[in-house]
Structures are given as C-alpha cells and as structure tokens.
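Understanding the architecture of this molecule
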Amino acid sequence: MNKRAQFDKVSLAFDTPKGRLNVVEDVTYDINDGDFIAVIGPSGCGKTTMMSMLAGFQKPTTGKVLFDGRPVAGPGPERGVIFQEYGVFPWLTVKQNIAFGLTLNANHVTTAERDAICDHYLGLMGLSDFANSYPKHLSGGMRQRLAIARAYAVKPQFLLMDEPFGALDAQTRSNMQNLLLKVLETEGKTVMLITHSVEEAIYLASRIVVVTARPARIKKIIDVPFAYPRDESIQERPEFAELRSHIRQLVMDEYRAQQAQMRPVSFSE
Amino acid sequence: MNGAGLRRFGLGLLPWIGAILLWYAVRWSGFVNVSLIPAPHQVAAKSFELLTKEGLLIDIFVSTRRVFLGVALGILAAVPVGFLLGWYRPARTFADPMINFFRALPPIALIPLVIVYFGVDELAKLVILFYASFFSGVIVMYEGVSQITPLYIRVAQTLGANQAEIFRKVIIPLTVPHILTALRVALGVAWATLVASELIAAQRGLGAMIQNASTYFLLDVIYVGIICIGLIALIMDLILRKITARLLVWQDRAIV
Ligand SMILES: Nc1ncnc2c1ncn2[C@@H]1O[C@H](COP(=O)(O)OP(=O)(O)O)[C@@H](O)[C@H]1O
Ligand SMILES: [Mg+2]
C-alpha cells in the first residue's frame, strides 16, 4: 500500500519560560492511502501538536514528518485541516466562508461550479437557511459544521481533523459521523482524526493510535476489524464492546498518569 | 422615524435640555457673578450674529479642514507603521519605547519648537495635528493588529491561500476595524489639539476665535466657540460610527 504520511522517530519540545517541555516523543507510524487513523489520548498530551506537524505549522525537534515521501515544508491545500477552534471567518457570510477556498488561485473553479459546490455543502450541513448570515448568528455546532463544509469544499485528499465533532450534541454528532463516512465512501480520502471519544474512534477509524500522557508517545496501535461501508449497527456487535472496553482501559490509565503529573505542579504553585 | 427611533431621539435630547436648565439655574442662583456667565439665549443670539455678520462658518470650515487634513495625513502614516509594529514583534520591541515617549508628549509642549521650525502659518498647525493624530492612531493600530490570532491565517493557508491572498482576504478585513478605531481616536485627539494649534497666531478658526475673544473678555463668543467645537466633534463621531456600523456588520457587538 502507498504511504501517504509518515512519522519517523518524531519528537517535539517547546521552549517555555519554565523550561523545556517535551510534548511529542519518539513517535513512529505510517498513514497509508485510504487509511482512517484516529488518535486518542488524554487532553493536553500533545495530539494537536502531533497533527500540526503534519499540517505544516510546527517542525519536529528531531525525526522526520513526511508527506508523499517528502518532508512537510508548510501547510497546503492537499492537506485539509479542521481546527479544534473552528476558525470560521467572522467577516464572511456562511456561503462566503464555504466559497473561500474556491476563490483562491490554488483551487480555481468557475463561478457556476463554485455556486454548485457551496449549495451542495450548505444542504449537506443543514446550513441552507443561513447561507447569507454572518457567523455571529450561528450556534457553536453550526460553526463547527461550517468549518467542516469549508474544508470539504476544496476536496483535499487528506483530511486532518482535530476533535471536529467535540462540541456537537449527540444527535448532530452521529449525523456528522455518518456524513463523514458517506463522503469518504464517495471521495475516498485519507483521514487523521483526533478524538476523545472511544466510540467515535472505533466507529470511524480503520486504525486507532492510542497515545500516552504528555509527552505523547505511542502506547498502542490497534486495527479496527470492521469493513467499510459501516453503519451504526456495528456498535451493537460484541467485538465493538470488547474493543471499546480494551481501549477505554488504555485511555483511562493514561488519564490517571496525566492527573498524577498535574498534581505536584498545582501544589508547587 | 418609527416609535422606537423617536424614543431614542427623545432620550438623547433629554440630557441636553437638562444641561441648559442647569446653566440657567447656576446663573440665577446668585452664587456666581452674572456677568461671568452669559445666558443660553444670549449665547444663541451671539452665535446667530457671528454666523451672519462675522463669518463663523468660515472659522468652522477652516478648523474642520485643518482637523481633516491633519487626521487624514496622520492616519495615512499611522496605518502602515502601526501595522508593521503590530505584525512584526521585533519591530515593536524596537520602536515601542520611542513611540510611547513621543505619544506622552502633549502637542502643546511642542508649539514653541514648531514655531521655530515651521513658522506660524498653515504648515505649523498641520504639523501639530499630524503629530497628535499619528501617535494616537499608531498605538491603536498596533495594539489591535498584534491581537489578531494566527488561527485565521492558518485556516487560509490550509485552504491553499498564498501570501498575497492571505494579505488581501484575511489580514485586510481583520485590520479594517482597527483602522476605524484609530480614526475615531485620532479625530478626538485632533479636536482637542485644535485650539492649541490655532494658538499659533491663527487668523481664523474656532481656536483663534476663542483666543481673540479671551483677550477682549467676550465670554459669549468663547461659549459659542466651545459649543461649536463640541458639536462638530460629536457630528464627526456620529458619522464615523455610522460608517463603522455599516462596514462591520459582521462584528459581534451587543449594540450597533
Ligand atoms: N506553542 C506552544 N508553546 C508552548 N507550549 C505549547 C505550545 N503548544 C502546545 N503547548 C503545550 O503542549 C501540550 C500539548 O498541547 P496539545 O498538543 O494542544 O494537546 P492536546 O491536543 O492533546 O490536548 C500542552 O501542555 C500545551 O500547553
Ligand atoms: Mg488539542
């Protein structure tokens, strides 16, 4: 299989006023074409940092991050990113937000095509009634859907998603998960998804990377045995429940390790 | 005008009526020498006289033009400089103390020097107003620009934007609100500095009118001048606020 992205003995440390902070440590794994990788681990452990190296916003301190065999030099439209903070442009309407990428030289399309793509994603994300509203009128969940629509609109082959469904209510969340599966089925993308939901990871991913408390190291890489296309019925299967309790256990251990790390800090302050 | 608009207008008018009543009250209370406080109706009559016979409109025009020119030039310079300082951290560390030093100097303190270097005509007043608007505007600009989060730029980059597109489609829209704020602050400071600048032997202008009146102790004329300065500043601010509301409909403000 074709390797799209590779983390090769990657470590990253930040220089902070309190000293050097190791955030990612000796991480090695490959993401193949068509993979759906879910990264799961306690919050603050370094998942976003790991992803931002592949997105091109951060350089590893040691090791290499490769995309299509070449070291990542910076961000680019072939790697779509959905940020944890959404980053919808407040000065543009909903429709203009979705159209933003399509107005750039890098993904030039005709006006008619642009309108068609916008209308498609407006409908898909349930934002049609708000096409001409500014983001200040949208709820948190709608902003998140807008950010997703804007990223999908330029059709990147590789999607990096940082807890994209975290702020959604349960119903919308499961709708968005199913929608993502459908989009992947028709457009065949490769995905790296950061999540803190074990169910979401199992339901969506082909492989789950469990990372440790900070600094993020690889604790375990687990293949998910369900074939695509998937639907919600797999969540009723005994293998699903087994896998869930196994991963929960791994994540809980790291969560406790993280808590133990934090305690001396809060005492000393 | 609809009912709510009328109500707002009435509410806005109320304090003015109150101020005028208070003015009469102070005058009639007997605590102050009546000759030191011209009554509101006397001031109104005087302003009519000045308007029709003494060319008050010319003074207003001359002062407004000076403020406009000073602010326009000051902001024109403050926008790129403030932008650079806000955007490039090293530039800020480098220039911050200096800018704060000059901003802290009251323009009035510079008048003697300005007379020495620029003489006493129009250029001297322009220099003072430029100075006042530039330094007040530059601070607002760079404080605002330095608070722009890199998130939006990152988003644009991941969608494929090049440097020019990021500047045109992300940085400019994010900078416009700060330009408008800088303009408002500079206008306020420039009006405050106007009288000072017109102290430099101005023939005409509201500051000059006040200055001349004070030598002859014409209190009613001084009152007219002060009220004009306040009114014009108020009108300019209102206009700018309307423009701001129009340009920044997208902003998350409780009251626009
Ligand atoms: N630019 C930075 N400079 C210093 N520390 C950072 C920076 N970015 C993240 N960190 C720190 O790195 C750690 C991991 O952050 P992050 O990758 O966002 O975690 P996660 O996404 O897993 O919640 C946190 O402790 C955070 O404070
Ligand atoms: Mg994160």
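Reading guide: rules and limits
- Residues numbered from 1 in each chain as written.
- Chains lettered and ligands numbered in written order.
- Predicted model: local features only at pLDDT ≥ 70, side-chain atom pairs only at ≥ 80, totals over all residues.
- Heavy atoms only, no water.
- Domains from an automatic or database assignment.
- Buried area = accessible area lost by both parts, 1.4 Å probe.
- Salt bridge = Lys/Arg side-chain N within 4 Å of Asp/Glu carboxyl O.
- Polar contact = N/O pair within 3.5 Å; in protein donor to acceptor, adjacent residues only side chain to side chain.
- Pairing = 2+ DSSP bridges.
- Helix = DSSP H or I, 4+ residues; strand = E, 2+ residues; numbered from the N terminus.
- Axes fitted to C-alpha atoms, helices over the stretch in contact; angles between N-to-C directions.
- Expected span 1.5 Å × (residues − 1).
- Buried < 20%, exposed > 50% of the residue type's maximum accessible area, 1.4 Å probe, protein only.
- Contact = heavy atoms within 4.5 Å.
- Donors = N, O, S within 2.8 Å, 3.2 Å for Na, K, Ca; no water.

Residues and elements named next belong to chain B. Per the domain assignment, the segments of chain B are domain 1 (1-37) and domain 2 (38-247). Computed over C-alpha atoms, the centres of domain 1 and domain 2 are 29 Å apart. Of the roughly 750 Å² buried between domain 1 and domain 2, counting both surfaces, carbon and sulfur atoms make up 72%. The largest per-residue losses of area from domain 1 upon contact with domain 2 belong to W23, Y24 and L36, which jointly make up 61% of the total buried on that side. Counting across the interface, domain 1 meets domain 2 through zero salt bridges. Put simply, domain 1 and domain 2 have two residue pairs in polar contact (both at pLDDT 80 or more) between them.

Moving on: the sheet that holds strand β3 (residues 36-40) of chain A. Consider a sheet: its strands pair through backbone hydrogen bonds, and that pairing is either parallel or antiparallel. Residue and element names in this part refer to chain A. With mixed pairing, the six strands of this open sheet are ordered in space as β6-β7-β8-β3-β9-β10. This sheet does not close on itself; its edge strands, each paired only once, are β6 (79-82) and β10 (218-223). Neighbouring strand axes in the sheet, compared pairwise and without regard to direction, differ in orientation by 15° on average. Bridging between strand β9 (residues 207-211) and β10 involves five bridges; their strand directions are antiparallel. By the bridge assignment, V211 is partnered in β10 with I218.

Across its 14 residues, helix α4 (residues 140-153) of chain A extends 20 Å between first and last C-alpha, which sits within 8% of the 20 Å expected from 1.5 Å per residue. Of all 14 residues making up α4 of chain A, twelve are buried, and the element is well covered by its neighbours. Of all the residues in α4 of chain A, the buried ones are G141, M142, Q144, R145, L146, A147, I148, A149, R150, A151, Y152 and A153 of chain A. On the buried face of α4 of chain A, the contacting elements are β6, α2 (94-99), α3 (111-124), β7 (158-162) and α5 (170-187) of chain A together with α7 (151-158) of chain B.

With that settled, the discussion passes to the coordination of the magnesium ion (ligand 2). All names here are of chain A. Surrounding the magnesium ion (ligand 2) are the protein donor atoms T48 (OG1) and Q84 (OE1), which sit 2.0 to 2.5 Å from the metal. Of this pair, T48 sits in helix α1 (residues 47-55) while Q84 is found in the loop between β6 and α2, placing the two residues 36 residues apart along the sequence. The exposure class assigned to T48 is partly exposed, which follows from its relative accessible area of 38%. Using a relative accessible area of 34% as the deciding quantity, one classes Q84 as partly exposed.

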